[in-house]
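# An overview of the molecular structure
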Amino acid sequence: MKRTHWYKNAVIYQIYPRSFYDSNGDGIGDLKGITAKLDYLKELGVNCVWLSPCYKSPNADNGYDISDYRDIMDEFGTLDDWKEMIKAMHERGIKLVMDLVVNHTSDEHEWFKESRKSKDNPYRDYYFWRKGRGKNGKKAPNNWTSRFGGTAWQYDEATKEWYMHLWAVKQPDLNWHNPKVRQEVHDLVKFWLDLGVDGFRCDVITYISKVVRSDGSIPDGKWKPGIRGDEMFLHGPHIHEYLHDLNKEVLSKYDCMTVGEAAGVTIEEALLYTDEKREELDTVFHFEHMGCDMFMEVIPKKFDFVKFKKILGKWQKALFDKSWNSLYYENHDQPRSLGRFTGKFGDKRKEAAKMLAISLHMQQGVPYIYQGQEIGMTNVKFRKVSQLRDQLALNIYDMIKKIPFMKPIFMAIMNRRGRDHGRVPMQWSAEKNAGFTSGTPWFEPHENYTEVNVEESLKDPNSIFYFYQKLIKLRLDSDVSDIIRDGSYDSYYDNSKDLFVYTRTLGERKLLVICNFKNKDVYFEVPKNLKGKEAKVVITNYDEKPLKDMLLRPYEAIVYEI
Ligand code: GLC
Ligand code: CA
């Protein structure tokens, strides 16, 4: 099979199925709902969808806990609905990338149910089972912590041993050191590829290989506050070998793409994962720019715009000609980018959203649009704990609720950082429940839906939606597509606290991208090497004007072709 690397010409739209569109009035988004909205995506112009998990799952982590890899979650429909959906996508020239969640399964997966029965069960070694420490083995086998809080081990009465879960208790980690587990993963990846899937977003893929000593023990991690043990499993000892095998045995036989979720990845490691010659993954999501308003991954701090630009620019330069970037500001684990990266936008929501779009979509890589980003959906103001749905948030709340002064701090953190901001229902119209469902929605829609919604966006020729449509067309089908795709990157005014300015250069041609990230007028001076050059406006969120030293209006963004 010749691999075409089609992802280099892709614009990917991420769907979080639970919150996208409910077709049958039970309050939960579903696959038929997605199929019903494909013409909308077609009109937007994206050519690929990344679908968050839709497999059978008891929903301890909204589908990221899978109990059957070869079937569909009851609430989302059936495998036949799925087949209809992918067919309808392909008919519209839209590819489908599925989520591949294989660091862990659900504790309700058959493998785990078997595994927990007895120490000599054939599935025992599919997971990490260890004796506890201390008197009676009632202390966890080591000091690793779970991303969902507390120890990463759960005691199980049946065999009086502990199993590892780096995420929720209901998400036991698979033991990739067992060749049978690797074979199972190969088989299930093949199963979906044979059904026509075009690729995978590989969930927490950098965690799959853990340090295990030759006597089978799993060592303690370095003591530090917060998450412990990650130096023992982040980019663990055999990860490159496992991914290379998966690529050789399965992925390389299909014209598919992969993107690995790679929190904590550095440029050097990213190149190991994605160097074409090494045959592992095609692309990764790094998280560096997501850390510009956070300390230790959770504690909010002031957004560092200068650092943000430097990180994005560093990745643009480092991967150029070697590998391919993933471009994203939002996903189902992150707050909305409006407000987060723009400061208070007041009545300039549309200008700010378009400016953010330009700043990202003129870079090199695969751009991702998270559902609702194309209509400028914003963060929610959560007032009480009962409004939250994310299990991670609720676990944290359980841990702190007895400490009275922590409650307001918790709500403040959730309002800045919570994963729920991106999970409220997609806002389709000004009708009841934002047009998401005719029943009672599983999650209350954002209160601004009467004003921010798809229907309104489709009516307004100046909407954020049509702006994204134009940006996508520029990338995929215009006379500057080649520059956007292949041009090299250079930045200007790196230390400016207001402006994000860069060029993309291909041969003699250049795009100059100017973005004012502030809700105020900012003076822009044409960089010396570009002064006096003939320039034509490619796209702007205000109105066209010649390239010269000028005062930029709040959130003004312009791209010139030079
Ligand atoms: C990834 C997913 C997140 C999930 C976690 C565990 O980070 O994006 O939503 O909770 O993996 O599967
Ligand atoms: Ca439904």
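Residues numbered from 1 in each chain as written. Chains lettered and ligands numbered in written order. Predicted model: local features only at pLDDT ≥ 70, side-chain atom pairs only at ≥ 80, totals over all residues. Heavy atoms only, no water.

Strand pairing in a sheet relies on backbone hydrogen bonds. The paired strands run either parallel or antiparallel. On the basis of which strands lie adjacent, the open sheet formed by eight strands has the order S11-S10-S9-S5-S2-S1-S15-S14 and parallel pairing. Each edge of the open sheet is held by one strand with a lone partner, namely strand S11 (283-285) and strand S14 (326-327). (Pairing = 2+ DSSP bridges. Helix = DSSP H or I, 4+ residues; strand = E, 2+ residues; numbered from the N terminus.)

For the rest of this paragraph, the subject is the packing of helix H10 (residues 349-361) against helix H14 (residues 464-476). Interaxial distance between H10 and H14 falls to 10 Å at its minimum, and their mutual angle equals 15 degrees. Classified by the angle their axes make, H10 and H14 are roughly parallel. Here the hand of the crossing between H10 and H14 comes out right-handed. Contact with H10, carried on its side by Arg 349, Lys 350, Ala 353, Lys 354, Ala 357, Ile 358 and His 361, involves Ile 464, Phe 467, Tyr 468, Leu 471 and Arg 475 of H14 and no other residues of that element. (Axes fitted to C-alpha atoms, helices over the stretch in contact; angles between N-to-C directions. Parallel < 35°, antiparallel > 145°, perpendicular 65-115°, else oblique. Left-handed = near helix turned anticlockwise from the far one by under 90°. Contact = heavy atoms within 4.5 Å.)

Contacts to ligand 1 come from 13 residues, most closely from Asp 61, Asp 203, Glu 261, His 332 and Asp 333. Measuring from an oxygen atom of ligand 1, one finds a side-chain N or O atom of Glu 261 at 2.8 Å. Summarising the interface, the protein chains cover 98% of the accessible area of ligand 1, which totals 310 Å² for the free molecule. Residues of the shell around ligand 1, tallied by class, amount to three nonpolar, three polar and seven charged. (Near = heavy atom within 4 Å. Polar contact = N/O pair within 3.5 Å; in protein donor to acceptor, adjacent residues only side chain to side chain. Areas by Shrake-Rupley, 256 points an atom, 1.4 Å probe, with all protein chains shown as cover. Nonpolar A, V, L, I, M, F, W, Y, C, P; charged D, E, K, R; others polar.)

The subject of this paragraph is the coordination of the calcium ion (ligand 2). Taken together, the protein donors to the calcium ion (ligand 2) comprise Asp 22 (OD), Asn 24 (OD1), Asp 26 (OD), Ile 28 (O) and Asp 30 (OD), at separations of 2.2 to 2.4 Å. For the calcium ion (ligand 2), all donor residues lie on one chain, and their spacing in sequence is D-x1-N-x1-D-x1-I-x1-D. A relative accessible area of 4% means that Asp 22 is categorised as buried. Using a relative accessible area of 35% as the deciding quantity, one classes Asp 26 as partly exposed. (Donors = N, O, S within 2.8 Å, 3.2 Å for Na, K, Ca; no water. Buried < 20%, exposed > 50% of the residue type's maximum accessible area, 1.4 Å probe, protein only.)

Moving on: the layout of surface pockets. It is the rolling of a water-molecule-sized probe over the atoms that shows where space remains empty. The computed volume of the second largest pocket comes to approximately 1,000 Å³. Forming the walls of the second largest pocket are 42 residues, and the residues nearest its centre are Leu 338, Gly 339, Arg 340, Gly 343 and Asn 379. Counting only elements with at least two residues in the lining of the second largest pocket, the list comes to helix H8 (305-319), helix H9 (337-340), H10 and helix H12 (406-417). Residues of the lining of the second largest pocket, tallied by class, amount to 14 nonpolar, eleven polar and 17 charged. Each of two domains, domain 1 (6-104 + 179-468) and domain 3 (487-561), supplies a minimum of three residues to the lining of the second largest pocket. (1 Å grid on protein atoms, 1.4 Å probe; cavity = no way out; pocket = protein on both sides within 12 Å on 5 of 7 lines; lining within 4 Å. Points joined across faces, edges and corners; volume = space filled by probe spheres on them. Domains from an automatic or database assignment.)

It is worth spelling out the domain arrangement of the protein chain at this point. The domains assigned to the protein chain are domain 1 (6-104 + 179-468), domain 2 (105-173) and domain 3 (487-561). The C-alpha-based centres of domain 1 and domain 3 are spaced at 30 Å. Roughly 2,300 Å² of surface becomes buried between domain 1 and domain 3 when both sides are summed, with 68% attributable to carbon and sulfur atoms. Connecting domain 1 to domain 3 are one salt bridge. The residue Lys 317 makes a salt bridge to Asp 490 at a minimum N-O spacing of 3.2 Å. Elements that contribute at least two residues to the side of domain 1 that touches domain 3 include exactly H8 and H10. The element best represented in the side of domain 1 that touches domain 3 is H8, accounting for nine residues. (Buried area = accessible area lost by both parts, 1.4 Å probe. Salt bridge = Lys/Arg side-chain N within 4 Å of Asp/Glu carboxyl O.)

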